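Residue-level structure breakdown
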Amino acid sequence: MVPAMTTQQRPTLITVIGGSAAAPPALDDAYQVGLELARRGAVVVCGGLTGVMEAVCRGAKAGGGVTIGILPGHIPDDANSYVDYPIATGMGYMRNAIVAKAGRAVIAIDGAYGTLSEIGHALGEGATVIGLNTWRMSVDGVEDTAIIRAVSPVDAVDKAMAVAESKQARV
């Protein structure tokens, strides 16, 4: 019989979201975020496909980390080659809600409307979103500060890990 795993033994999952057709600067940021998360022992969760998702997984693998891809389709082999654990949902964009809630914090890099959807799901559920060159939102012309701004990949990881550690302490 395998003993039950306690919360302290579980790895820290951090979700990283972003555009599937991102420009090179965003891909560089994502790679660096993945590398830094791996260095700190966090598991990267993402949508598992191309662009920011692939770059963050590539960075995590370069740092010796573990990656999870929550895929929109039915075929696990559709995941990018840097995903260790592909989860095929068959849910299309509805899987964005799962991606947004899987980690203890969310780092958003770049992004199009799918990323905006994930940001909305995360914020709507009370998750912390760290933004690195991503969407800015406003209400009646006043910037909504719900997305915590990061100035670099390391800053984004610092903020996400602080949130994760804070949540871990409450469990």
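Please refer to the structure higher up on the page.
A quick note: this is a predicted structure, and the numbers were derived from the prediction, not measured. (Residues numbered from 1 in each chain as written. Predicted model: local features only at pLDDT ≥ 70, side-chain atom pairs only at ≥ 80, totals over all residues. Heavy atoms only, no water.)

1. As for the sheet that holds strand E3 (residues 67-71)
If you trace the 7 strands from one edge of the open sheet to the other, you get E4-E3-E2-E1-E5-E6-E9, paired in parallel fashion. Both edges of this open sheet fall to strand E4 (85-88) and strand E9 (147-149), since each of them pairs with a single strand only. Taking each pair of neighbouring strands and ignoring which way they run, the sheet shows an average axis angle of 25°. Where strand E6 (residues 129-134) meets E9, 3 bridges bridge the pair, whose relative direction is parallel. Its bridge partner being in E9, Val 129 is matched across the sheet by Ile 147. The strands touched by helix H4 (residues 113-124) are strand E1 (13-18), strand E5 (106-110), E6 and E9; relative to E6, the strand with the most contacts, the crossing angle is about 155°. (Pairing = 2+ DSSP bridges. Helix = DSSP H or I, 4+ residues; strand = E, 2+ residues; numbered from the N terminus. Axes fitted to C-alpha atoms, helices over the stretch in contact; angles between N-to-C directions. Contact = heavy atoms within 4.5 Å.)

2. Some points on the packing of aromatic side chains
Taken as a whole, this structure holds 1 aromatic pair when the rule is applied. Aromatic pair Tyr 113 and Trp 135: ring centres 5.7 Å apart, planes at 40°, arrangement tilted. Pair noted here: Tyr 113 is in helix H4 and Trp 135 is in the loop between E6 and strand E7 (138-139), with a separation of 22 residues, a long-range link. A relative accessible area of 67% places Tyr 113 in the exposed class. Trp 135 gets classed as partly exposed once you look at its relative accessible area, which sits at 26%. (Phe/Tyr/Trp six-rings, centres within 6.5 Å; stacked < 30°, edge-to-face > 60°. Buried < 20%, exposed > 50% of the residue type's maximum accessible area, 1.4 Å probe, protein only.)

3. Quick word on the pattern of salt bridges
As enumerated under the stated definition, the model contains 6 salt bridges in all. In this structure, Arg 136 engages Glu 143 in a salt bridge whose closest nitrogen and oxygen atoms are separated by 2.8 Å. Arg 136 gets classed as exposed once you look at its relative accessible area, which sits at 53%. Using a relative accessible area of 39% as the deciding quantity, one classes Glu 143 as partly exposed. (Salt bridge = Lys/Arg side-chain N within 4 Å of Asp/Glu carboxyl O.)

4. Let's talk about the nonpolar core
Side chains that are nonpolar tend, in soluble globular proteins, to be buried together. Among the nonpolar cores identified, the biggest contains 32 residues, and Ile 14, Val 16, Val 33, Leu 37, Val 56, Ile 107 and Ile 109 are the most heavily contacted of them. Listing elements by their share of this core, those giving two or more residues are E1, helix H1 (24-39), strand E2 (43-46), helix H2 (52-62), E5, E6 and helix H5 (153-170). Excluding residues within four positions of it along the chain, Val 33 makes contact with Val 16, Val 56, Ile 107, Ile 109, Leu 132, Pro 153 and Val 157. By size, the runner-up hydrophobic cluster in this structure holds 14 residues, among which are Ile 68, Val 99, Val 106 and Ile 147. (Core = buried A, V, L, I, M, F, W, Y, C linked by side-chain atoms within 4.5 Å.)

5. As for the side chain of Thr 134
Locating Thr 134 in the fold gives a position in strand E6. Judged by relative accessible area, Thr 134 falls into the buried class, the value being 13%. Here Asp 110 takes part through its backbone oxygen, which lies 2.5 Å from a polar atom of the side chain of Thr 134. Here Thr 134 is in contact with Ala 108, Ile 109, Asp 110, Thr 115, Ile 119 and Arg 149, once residues within four sequence places are set aside. (Polar contact = N/O pair within 3.5 Å; in protein donor to acceptor, adjacent residues only side chain to side chain.)

6. Concerning the packing of H1 against H2
Two numbers describe how H1 lies on H2: the axes approach to 6 Å, and their chain directions differ by 35°. Regarding H1 and H2, the two cross each other, and that crossing is right-handed. Listed contacts from H2 to Ala 26, Leu 27, Ala 30, Tyr 31, Val 33, Gly 34, Leu 35 and Ala 38 of H1 are Val 52, Ala 55, Val 56, Arg 58, Gly 59, Ala 60 and Ala 62. Looking at the contact of H1 with H2 residue by residue, the class counts come to 12 nonpolar, 2 polar and 1 charged. (Left-handed = near helix turned anticlockwise from the far one by under 90°. Nonpolar A, V, L, I, M, F, W, Y, C, P; charged D, E, K, R; others polar.)

Coordinates in, geometry out; function isn't part of it.
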